[in-house]
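For reference, the chains in residue letters:
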Amino acid sequence: MNKRTLEKEPVKLRGQIDRTTNAVSFVGVSKNYGEVKAMDSLDLSIERGETVALLGPNGAGKSTTISMLLGLLPTDEGEVRLFGESPHEAVAAGRVGAMLQEAGLPSNVKVRELVSFVRGLYPEPLPVEEILTTAGLADLADRRSNKLSGGQTARVRFALALAGDPDLLVLDEPTAAMDVESRRAFWKSMRFHAATGRTILFSTHYLEEADANTDRIVVVAGGRVIADGSGAEIKSTVGGRTVSFDLAGNPSEGLDLLPGVVSVELHGDRASLRSADSDATVVTLIGERGTPRNLEVNGAGLEEAFLALTTNNSTREEN
Amino acid sequence: MVTYLRLEVLRVLRAPRFLLLAVLMPVAFYLIFTSLGTSSGNSEGSAAALTFMVSMACYVAIFAAFSLVNGTIEDRTIGWVRQLRTTPLPSVQVVAAKLLTSMVVVLPTIVFVCLAAVADYGVQLDAGQWAALIILLWVGIMPFALLGTAIGYLCTAQSASMVTMAVVLGGVLLGGFWFPVSLLPETLQNVAHALPFNRYADLGWQVVAGHAPTTADATILLAWGVAFAALAVLGYRRVGRSA
């Protein structure tokens, strides 16, 4: 291990740096694809029993992180440990269950057969019926894999991740292919699973989804962790909402002084204020200037949020 | 491993179109070649007919051994192999199960050619020879089945069919299936003897001539088998590296 990573740990890691007890530990992990830095000295540790969301735009390094976590991808530099073991050892010991993005199912196999097969590979699996019920597959148990809809396939993939009753569940954009109902059922069973002391790591590019289902969000962009905290903390860092309205010829001066406002952008006659407290911003705005035309309040776009975080991050680096 | 083998065999049995192609294609080849073979003078029950039967059995078996390549590539492309890699199933067992699945497909093709040779040419062997022949050709297919598995894990769909074609055609031409290796120039003869094709067919030729298979045949087949098994395991372990 090099000196640089040792120095960085206390600054960037949240929670204890203890490779024997942490469920997940990344220390100074880097990965390059040719010239492209997919991962740049990433540090991350997850304690046992935590539910953590890995949030980031496409190409931020979420899938790379998950591939390394599962031992599918070797690291160029640094070390990944799961429960104090190498990813390969942890996977071989049946401590990890994974739901991968866009993983198809083998053809000509019935749902029940597939679930039975996968659970049979783990030392202490859940009972077949329990897996099927939890994943909402009881009615589909005898259906062949190639006769399932996209949402149903996602539920089977979830069932396969759950089947071995693993200590660590890794879910790469689990709800991407699910309909609303499947999503609700999915998060319900996730909460149940988390309550039994299991560690869960899931990736998403929806801030709302991350915020609603976990109290710790790790934001990755450009292959590094740029923010780590609760949903509220993340939102306040980036300015939670956008308040936009028509200026209708009124001056834009002073808008940045409104309560909660983090930044002001003008697009022609339209002003967009990013605000950490949109309620206060709107109330004061109306109080001072009257009701503006075409007022809209939106959740901060994640793209903007990442932009803000990335910019903040690079500024901090220079200090 | 048994559970994985069961799953793979079940999938093969449930895909009638695949089975039809895997088993009937070689059979069709056999019928085409035998009609050519008869005209070039294989007389009833002759040694030539026995040699030809072995060549044909080897040829169709090799063909069948590669029939699972596309299925493996499909499993890989859709991400199922990557998912499998996140389970505790050891890579050696995955490859072993794939090997045995190929062998399940291969066996009926070998038996078919033997039955057809009895019907067409009245070839005669004693029961011990038949058993030895079928078992040796079945076990001897392992290096080819492992090569097919390796191709499935390492090649894209496009490159796989070219690699398979090149390997099978090249091997069969050099292997003495259609004309004896002794007709080749000396350098090529050496190459042919180092490759598994001629060695595989020679297992059968020795048996029908009333001899035991040679140590050289067994050694070279084993060496290729080990090499291809290693390649297949390596290939499996590389799946999922991209993305």
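Residues numbered from 1 in each chain as written. Chains lettered and ligands numbered in written order. Predicted model: local features only at pLDDT ≥ 70, side-chain atom pairs only at ≥ 80, totals over all residues. Heavy atoms only, no water.

Some thoughts on the interface of chain A and chain B
When the parts of a complex come together, some accessible area is lost, and that lost area is often taken as the interface size. Residue-level contacts link 32 residues of chain A with 23 residues of chain B. Of the roughly 2,400 Å² buried between chain A and chain B, counting both surfaces, carbon and sulfur atoms make up 60%. It is A:Leu72, A:Phe117 and A:Leu121 in chain A that bury the most area against chain B; as a group they hold 26% of the surface buried on that side. Viewed at the interface, chain B and chain A are joined by 1 salt bridge. A:Glu113 serves as the salt-bridge partner of B:Arg14, at 2.7 Å between the closest nitrogen and oxygen. For the pair chain A and chain B, the interface holds 6 residue pairs in polar contact (both at pLDDT 80 or more). For the side of chain A that touches chain B, the secondary structure elements donating two or more residues are α3 (87–92), β5 (96–99) and α4 (111–119) of chain A. (Contact = heavy atoms within 4.5 Å. Buried area = accessible area lost by both parts, 1.4 Å probe. Salt bridge = Lys/Arg side-chain N within 4 Å of Asp/Glu carboxyl O. Polar contact = N/O pair within 3.5 Å; in protein donor to acceptor, adjacent residues only side chain to side chain. Helix = DSSP H or I, 4+ residues; strand = E, 2+ residues; numbered from the N terminus.)

Quick look at the confidence of the model for chain B
Across chain B, the average pLDDT comes to 88, with 94% of residues at 70 or higher. With pTM at 0.81, the complex prediction returns an ipTM value of 0.86. (pLDDT = per-residue confidence, 0-100.)

Description of the layout of surface pockets
Residues and elements named next belong to chain B. Within this model, the largest pocket holds a volume of roughly 860 Å³. Lining the largest pocket are 33 residues, and of these Phe-18, Phe-66, Ser-67, Leu-68 and Asn-70 sit closest to its centre. Looking at the lining of the largest pocket, the elements with two or more residues in it are α1 (2–13), α2 (16–39), α3 (47–65), α4 (69–77), α6 (91–121) and α9 (157–174). Here the residues of the lining of the largest pocket are counted per class, giving 19 nonpolar, 9 polar and 5 charged. (1 Å grid on protein atoms, 1.4 Å probe; cavity = no way out; pocket = protein on both sides within 12 Å on 5 of 7 lines; lining within 4 Å. Points joined across faces, edges and corners; volume = space filled by probe spheres on them. Nonpolar A, V, L, I, M, F, W, Y, C, P; charged D, E, K, R; others polar.)

Concerning the packing of α1(B) against α6(B)
Residue and element names in this part refer to chain B. Where α1 contacts α6, the two axes come as close as 9 Å, and the packing angle between them is 35°. Relative to α6, the crossing made by α1 is right-handed. Of the residues in α6, those touching α1 at Tyr-4, Leu-5, Glu-8, Val-9 and Val-12 are Val-94, Ala-97, Lys-98, Leu-100, Thr-101, Val-104 and Val-105. (Axes fitted to C-alpha atoms, helices over the stretch in contact; angles between N-to-C directions. Left-handed = near helix turned anticlockwise from the far one by under 90°.)

Remarks on the pattern of salt bridges
Residues and elements named next belong to chain A. Across all of its chains, the model carries 19 salt bridges over all chains by this definition. Of the charged contacts in the structure, one is a salt bridge between Arg-112 and Glu-129, with a shortest N-O distance of 2.7 Å. Placement of Arg-112 in helix α4 and of Glu-129 in helix α5 (residues 128–134) is noted, with a sequence separation of 17 residues between them. Taking relative accessible area as the criterion, Arg-112 reaches 28% and is therefore assigned partly exposed. (Buried < 20%, exposed > 50% of the residue type's maximum accessible area, 1.4 Å probe, protein only.)

Looking at the pairing of strand β2 (residues 36–46) of chain A
Residues and elements named next belong to chain A. In terms of burial, β2 is a largely internal element, 9 of the 11 residues being buried. In terms of strand pairing, strand β1 (residues 24–33) meets β2 through 7 bridges, oriented antiparallel. Within β2, the position partnered with Ser-25 by the bridge is Ser-45. Remark: 2 residues form the turn of the hairpin made by β1 and β2, two consecutive strands paired antiparallel; Gly-34 in that turn has positive phi of roughly 65°. (Pairing = 2+ DSSP bridges.)

A closer look at the environment of A:Pro292
Residues and elements named next belong to chain A. On the secondary structure map, Pro-292 appears in the loop between α10 (278–289) and β13 (293–299). Residue classification places Pro-292 among the buried positions, given a relative accessible area of 16%. Sequence spacing of Pro-292 and Asp-228 is 64 residues, and the spatial spacing of their C-alpha atoms is 36 Å. Ignoring any residue separated from it by four or fewer positions in sequence, one finds Pro-292 in contact with Phe-245, Asp-246, Leu-285 and Ile-286.

Describing the packing of α4(A) against α1(B)
Between α4(A) and α1(B), whose axes approach to 10 Å, the crossing angle comes to 155°. Classified by the angle between their axes, α4(A) and α1(B) sit roughly antiparallel to one another. When the axes of α4(A) and α1(B) are compared, the crossing they make is left-handed. Contacts between α4(A) and α1(B) involve A:Glu113, A:Leu114 and A:Phe117 from the former and B:Thr3, B:Tyr4, B:Leu7 and B:Leu10 from the latter. Its residues assigned to classes, the contact of α4(A) with α1(B) comprises 5 nonpolar, 1 polar and 1 charged. (Parallel < 35°, antiparallel > 145°, perpendicular 65-115°, else oblique.)

Focus: a nonpolar patch on the surface
On the surface, A:Ile286, A:Leu295 and A:Val297 cluster together into a nonpolar patch covering about 200 Å² of accessible area. The residue A:Ile286 is located in helix α10 in this model. (Patch = residues over 30% accessible without salt bridge, like charges linked within 9 Å, V, L, I, M, F, W, Y side chains within 5 Å. Areas by Shrake-Rupley, 256 points an atom, 1.4 Å probe, with all protein chains shown as cover.)

Notes on the sheet that holds β2(A)
In any sheet, the strands associate via hydrogen bonds between backbone groups, in a parallel or an antiparallel arrangement. All names here are of chain A. Taken in spatial order, the 3 strands line up as β2-β1-β4 in an open sheet, and their pairing is antiparallel. The strands lining the two open edges of the sheet, one partner per strand, are β2 and β4 (77–82). Here the average twist between neighbouring strands, direction ignored, is 20°. Contacts from helix α2 (residues 62–69) reach β1, β2 and β4, with the element oriented near 120° to β1.

Thoughts on unusual backbone geometry
Not every positive phi belongs to a glycine, and A:Asp165 is a case in point at roughly 50°. Following the sequence through the fold, A:Asp165 ends up in the loop between α6 (150–163) and β6 (168–172).

Focus on the environment of B:Thr77
Turning to its location among the elements, B:Thr77 is positioned in helix α4. Distance from B:Thr77 to B:Leu7, taken between C-alpha atoms, is 19 Å for residues 70 residues apart in sequence.

Quick look at the sheet that holds strand β3 (residues 51–55) of chain A
All names here are of chain A. Strands sit in the order β5-β6-β7-β3-β8-β9 across an open sheet of 6 strands; the sheet is mixed. Strands with a single pairing partner mark the edges of an open sheet, and in this sheet they are β5 and β9 (224–229). Here the strands of the sheet are splayed against their neighbours by 15° on average, with no regard to which way each runs. Looking at chain direction, β3 and strand β7 (residues 199–204) are connected through 5 bridges and run parallel. Among the inter-strand pairings, Leu-55 is bridged to a residue of β7, identified as Thr-204. The strands touched by α2 within the sheet are β3, β6, β7 and β8 (216–221), with β6 carrying the most contacts at an inclination of about 145°.

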